[in-house]
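# Geometric and topological summary
Chain by chain, the residues:
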Amino acid sequence: MDTSVIDSAWLLVVVPLVGAGILLLAGRRADAWGHWLGVLASAATFVLGAVYLLTLLGWDAADRVVDVHVGRWFDAGSLVVDVGLRVDPLSLTFVLLVSFVGTLIHLYSVAYMEHDADRRRFFAYLNLFVAAMLLLVLADSYLLLFVGWEGVGLASYLLIGFWNHVPANATAAKKAFIVNRVADVGMIVALMLMFSSFGAVDFASVFAGAETTDTGRLTAIALMLLVAACGKSAQFPLQSWLGDAMAGPTPVSALIHAATMVTAGVYLVVRSGPVFTLAPDALLVTAVVGAVTLVFGAVVGCAKDDIKKTLAASTMSQIGYMMLAAGLGPIGYAFAIFHLLTHGFFKAGMFLGAGSVMHGMSDDVSMRRFGGLSAVMKVTWVTFGLGWLAILGIPPFSGFWSKDKIIESAFAADGGHGWQPWVFGLVALVGAGITAFYMSRLFFMTFHGQRRWVESDDGSGLPVRHPHESPALMTVPMVVLAVGSAALGGLLMVGGAFASWLEPVTGHVEHHEPVLPVPVIMVLTLLLVLGGAVLAWRQYGASTVPVEPPVGSVLTRAARADLYQDVVNENLVMRPGQYLTRSLVYADKKVVDGGFMGAAGALGLLGEAVKKVQNGYVRSYAAMMLAGFGVLVVVVLLVWN
Amino acid sequence: MDMSNYLVLSALLFSIGAATVLLRRNAIIVFMGIELMLNASNLAFVTFARMHGDLSGQVIAFFVMVVAAAEVVVGLAIIVSIFRTRRSASVDDVNLLKN
């Protein structure tokens, strides 16, 4: 076995990084060709990734974990950290997902951002994102992973606030950044705990050390990692930033806030599988977080009228599924990644479709002003429809294979004993039904039903729009992703191919019997999905959709306001925090500064008093010297005797 | 003759010198007071040298004379230059350096 091919894995990170560097440093000179350089850098990483995949496929399963040592990062006493990359089935899966979907979205952006004066800067950030994301997934230590982790956070911040001349976008970027910083504290604490427990932060040492460490410590590490994952993956209770992140350009929402970056949390949990597996309580918390977010996102998605925010809520909910699967332990790891992969395709495809719709509808995002677009945007309609069928889980589309497996595993949670399989299983099942409802609502409101726009002003008060199909540069990536949404799941599922491909990382697991027979689960899921879709068709496809949103029930209003997540955050965290800082500033001014300023003032007054003595008359100085001399003589005489 | 008489004389001269420095305003007179104090101390040095039979005191007296001569040169130069600019030899007029 010759690993020399894999030794060049560092190129995966360096190529897009160099691309970003050139685009940022070249400035306006690169405006004419910069976007093509960006596409090229991204495509090159995909080609490299494909070469590594073929290389790995040629080896035995047991040999498919390769650590590439790049160099020593730092040597600080007992903490020695090397820069190394781990090329294994899990990281390579991510590399291919990120670079493939990334390249398509780069291509799409060439057309989508054509009229933006800052297109070159946009591509620089996209390349920066790809580099950081690949570093994140390839790193062989938690510290290096953290570098990529922060890098994608930075790229996300820069891209959400890409149109930062609009204050709301700048605020959204800041919100995403700050919520992620909260989560990063979890990561930093986890790093500290690892160092104190194992004396190292690389995967190999941590996983080896975990075998002999007590459960309490492992639970603490795992929970801290989970906090980090919750922030990056917009999981409850750190989910509030994802909806606002839709302020960024749509290709960004597709790449970063749907297909790749937000799934980094799932990657972290699965990568840390050996730690989580030995900490059952942390696994349970992970599953609960996933289940809560799954329902949370689905409920929010049912009420949103903004097409991108609905998709964002859906992303949140789908990552909830992945978290739930990851929280089920070894039986779920592979399915979490599998769903992540299929979701990456269909959700990116749908986001690009949403971008295409916005492109044709004068950048409008409200689905209440869409309707009947299937006739005018045929390619978008078909590609979006394939993504829609995939996320619904209709066989044989991708989502069916991955989501069904997660629901099945949820019904087999905890070895199929106790309350866990029932609770998680039913939540996952009901979630599938709600997903079907809100995704169908989105689909029907946008592409079917009455047109709630007019071609020319006819006095009806409806907005004037001239929808048209997007250029080929935009439709081709959509078509490719739609093909992936349709076929990828089934292809990878043949003979459990994907699960056995991931086996070197996730380990081999014995099949557990779910508490309900598998065919029953499958039929129940399909019935719920069909029920949700039919309900959505009756409400939004067949009947009139009001352009002005109706007041709605309490639940609708709550869901429109993201279930009051911002209100809760503001009252529970932000305002007390602001109050605390303000009182600290006040205390600092009054007590600390007050003390110093008081002492300084007293010394000043003393000086004022003493300086009167300095009157400029030589004679009085001489008198003082004489008096001082006299005192000295008296003192000396007294001491002497 | 009792040596302590010289010391009394020295103390008297020193007091007169100090009083002159403190009380008179004319810079030349103040200068004379300083010279008087220096010489009073010289007298005390010489007296002690005789009392103890040690020449160190006499040597120091010479040093004081040298310093006094140098000081007179510098001091008088300053007084002359002040007089040129301010048309006065009163030490109370030279009171700018204060507060």
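Keep in mind that this is a model prediction, so the values were computed, not measured. (Residues numbered from 1 in each chain as written. Chains lettered and ligands numbered in written order. Predicted model: local features only at pLDDT ≥ 70, side-chain atom pairs only at ≥ 80, totals over all residues. Heavy atoms only, no water.)

### Topic: the overall build of chain A
- For chain A, the count of helices and strands is 24 helices and two strands.
- Sorting the 641 residues of chain A into buried and exposed places 54% on the buried side.
- When contacts within chain A are restricted to residue pairs at least 6 apart in sequence, those whose partners lie at least 24 apart make up 79%.
- The centroid of the 37 positive side-chain charges in chain A is displaced by 12 Å from the centroid of its 41 negative side-chain charges. (Helix = DSSP H or I, 4+ residues; strand = E, 2+ residues; numbered from the N terminus. Buried < 20%, exposed > 50% of the residue type's maximum accessible area, 1.4 Å probe, protein only. Contact = heavy atoms within 4.5 Å. Lys, Arg positive; Asp, Glu negative; His and termini not counted. Charge placed at Lys NZ, Arg CZ, Asp CG, Glu CD.)

### Structural notes on the overall build of chain B
- Along the backbone of chain B there are three helices and zero strands.
- Its helices and strands taken in sequence order, chain B reads α-α-α from the N to the C terminus.
- Taking 2.2 N^0.38 as the reference for a compact globule, 99 residues should give roughly 13 Å; the C-alpha atoms of chain B span a radius of gyration of 16 Å, well beyond that estimate.
- Dimensions of chain B along its principal axes, counting C-alpha atoms only, are 50 × 25 × 25 Å.
- Restricting to contacts in chain B with at least 6 residues of sequence separation, those with at least 24 account for 57%.
- For chain B, the accessible area works out to roughly 6500 Å², and carbon and sulfur atoms hold 71% of it.
- Taking the average location of the 7 positive side-chain charges in chain B and that of its 6 negative ones, the two points are 14 Å from each other. (Rg over C-alpha atoms; globule rule 2.2 N^0.38 Å. Areas by Shrake-Rupley, 256 points an atom, 1.4 Å probe, with all protein chains shown as cover.)

### Re the pairing of strand β1 (residues 66-76) of chain A
Residues and elements named next belong to chain A.
- Two elements, β1 and strand β2 (residues 79-87), share nine bridges in a ladder whose sense is antiparallel. Paired with Asp 67 across the two strands is Arg 86, which belongs to β2.
- In this structure, the hairpin formed by β1 and β2 is closed by a connection of two residues, where Gly 77 is found at a positive phi of approximately 65°. (Pairing = 2+ DSSP bridges.)

### Things to note about the packing of helix α16 (residues 378-392) of chain A against helix α17 (residues 398-410) of chain A
Residue and element names in this part refer to chain A.
- One can describe the packing of α16 onto α17 by two numbers: an axis separation of 6 Å at closest approach and a directional angle of 20°. Taken together, the axes of α16 and α17 lie roughly parallel to each other. The two elements α16 and α17 meet at a crossing, and its hand is right-handed. Contacts between α16 and α17 involve Ala 390, Ile 391 and Leu 392 from the first element and Ser 398, Gly 399, Phe 400 and Lys 403 from the second.
- Of the residues in the contact of α16 with α17, the class split is four nonpolar, two polar and one charged. (Axes fitted to C-alpha atoms, helices over the stretch in contact; angles between N-to-C directions. Parallel < 35°, antiparallel > 145°, perpendicular 65-115°, else oblique. Left-handed = near helix turned anticlockwise from the far one by under 90°. Nonpolar A, V, L, I, M, F, W, Y, C, P; charged D, E, K, R; others polar.)

### Thoughts on helix α2 (residues 34-57) of chain A
All names here are of chain A.
- For α2, spanning 24 residues, the distance from its first C-alpha to its last is 35 Å, which sits close to the expected 34 Å at 1.5 Å a residue.
- Listing the buried residues of α2 in full gives Gly 34, His 35, Gly 38, Val 39, Ala 41, Ser 42, Thr 45, Leu 48, Gly 49, Tyr 52, Thr 55 and Leu 56.
- Among the structural elements, α1 (11-26), β2, α3 (89-112), α4 (119-138) and α20 (497-506) are those in contact with the buried residues of α2. (Expected span 1.5 Å × (residues − 1).)

### Remarks on the interface of chain B and chain A
- Facing the 13 residues of chain B at the interface are eleven residues of chain A.
- Carbon and sulfur atoms supply 60% of the area buried between chain B and chain A, which totals about 1000 Å² over both sides.
- Here B:Asp92 and A:Arg619 are joined by a salt bridge, their closest N and O atoms 2.5 Å apart.
- Where chain B touches chain A, the interface holds three residue pairs in polar contact (both at pLDDT 80 or more).
- When the residues that make up the side of chain B that touches chain A are grouped by side-chain class, the tally is seven nonpolar, two polar and four charged. (Buried area = accessible area lost by both parts, 1.4 Å probe. Salt bridge = Lys/Arg side-chain N within 4 Å of Asp/Glu carboxyl O. Polar contact = N/O pair within 3.5 Å; in protein donor to acceptor, adjacent residues only side chain to side chain.)

### Topic: a nonpolar patch on the surface
- A surface patch of nonpolar side chains, amounting to about 800 Å² of accessible area, comprises A:Leu626, A:Phe629, A:Leu632, A:Val633, A:Val636, A:Leu637, A:Trp640 and B:Phe14.
- Considering each element in turn, the nonpolar patch owes the most residues, seven residues, to helix α24 (residues 618-640) of chain A.
- With respect to the secondary-structure elements, A:Val633 resides in helix α24.
- When its relative accessible area of 34% is taken as the criterion, A:Val633 is described as partly exposed. (Patch = residues over 30% accessible without salt bridge, like charges linked within 9 Å, V, L, I, M, F, W, Y side chains within 5 Å.)

### Thoughts on the packing of aromatic side chains
All names here are of chain A.
- Applying the stated rule across the entire model yields 25 aromatic pairs over all chains.
- Judged by centre distance (5.7 Å) and plane angle (20°), the rings of Tyr 108 and Tyr 112 are stacked. Of this pair, Tyr 108 and Tyr 112 both sit in helix α3, four residues apart, roughly one helical turn. Taken as a pair, Tyr 108 and Tyr 112 share a single burial class, namely buried. (Phe/Tyr/Trp six-rings, centres within 6.5 Å; stacked < 30°, edge-to-face > 60°.)

### Regarding the UniProt feature "transmembrane region" (unreviewed entry) in chain B
Residue and element names in this part refer to chain B.
- Taking the UniProt record as the reference, the feature "transmembrane region" (unreviewed entry) is found at residues 28-48 and 60-83.
- Helix makes up 100% of residues 28-48 and strand 0%, whereas the separation of the span's terminal C-alpha atoms amounts to 30 Å.
- Secondary structure within residues 60-83 divides into 100% helix and 0% strand; the distance between the first and last C-alpha atoms comes to 34 Å. (UniProt positions renumbered as here; feature names shortened; annotations may be inferred.)

### What about the packing of helix α8 (residues 215-232) of chain A against helix α13 (residues 280-303) of chain A?
Residue and element names in this part refer to chain A.
- Running from N to C, α8 and α13 cross one another at 20°; their axes reach a closest spacing of 8 Å. With respect to each other, α8 and α13 are oriented roughly parallel. Side by side, α8 and α13 meet where Thr 215, Thr 219, Ala 222, Leu 223, Leu 226 and Cys 230 of the first sit next to Pro 280, Asp 281, Ala 282, Val 285, Thr 286 and Val 289 of the second.
- Tallied by class, the residues present in the contact of α8 with α13 amount to eight nonpolar, three polar and one charged.

### Structural notes on unusual backbone geometry
All names here are of chain A.
- Geometrically, the link from Phe 236 to Pro 237 is a cis peptide bond, its omega value of 0° lying close to zero.
- For Pro 237, the location among the structural elements is in the loop between α8 and α9 (241-244).
- Cis rather than trans, the peptide bond between Pro 395 and Pro 396 has omega equal to 5°.
- Residue placement: Pro 396 occurs in the loop between α16 and α17.
- At Leu 563, a residue that is not glycine, the phi angle is positive and equals roughly 55°.
- Looking at where Leu 563 falls in the secondary structure, it is placed in the loop between α22 (554-560) and α23 (565-611).
- One non-glycine residue, Tyr 564, lies in positive phi territory at about 60°.
- Mapping Tyr 564 onto the fold places it in the loop between α22 and α23.

### Comments concerning the pattern of salt bridges
Residue and element names in this part refer to chain A.
- The final tally for this structure, using the stated rule, is 22 salt bridges over all chains.
- Put simply, Arg 181 and Asp 184 hold a salt bridge, and the shortest N to O gap is 2.6 Å. One end of the pair, Arg 181, and the other, Asp 184, are both in helix α6 (residues 167-198), three residues apart, so they sit about a helical turn from each other.
- Overall, the relative accessible area of 24% leaves Arg 181 in the partly exposed class.
- As a salt-bridge pair, Asp 364 and Arg 465 come within 2.9 Å of each other at their nearest N and O atoms. Here Asp 364 is found in the loop between α15 (330-360) and α16, whereas its partner Arg 465 is found in the loop between α18 (420-447) and α19 (472-493), with 101 residues between them in sequence.
- Look at Asp 364 and you get buried, because its relative accessible area is 7%.

### Side note on helix α21 (residues 518-541) of chain A
Residues and elements named next belong to chain A.
- Over its 24 residues, α21 extends 33 Å from the first C-alpha to the last, a length consistent with the 34 Å expected when each residue adds 1.5 Å.
- Buried within α21 we find Ile 521, Thr 525, Val 529, Gly 532, Ala 533, Ala 536, Tyr 540 and Gly 541.
- Elements in contact with the buried residues of α21: α16, α17 and α18.

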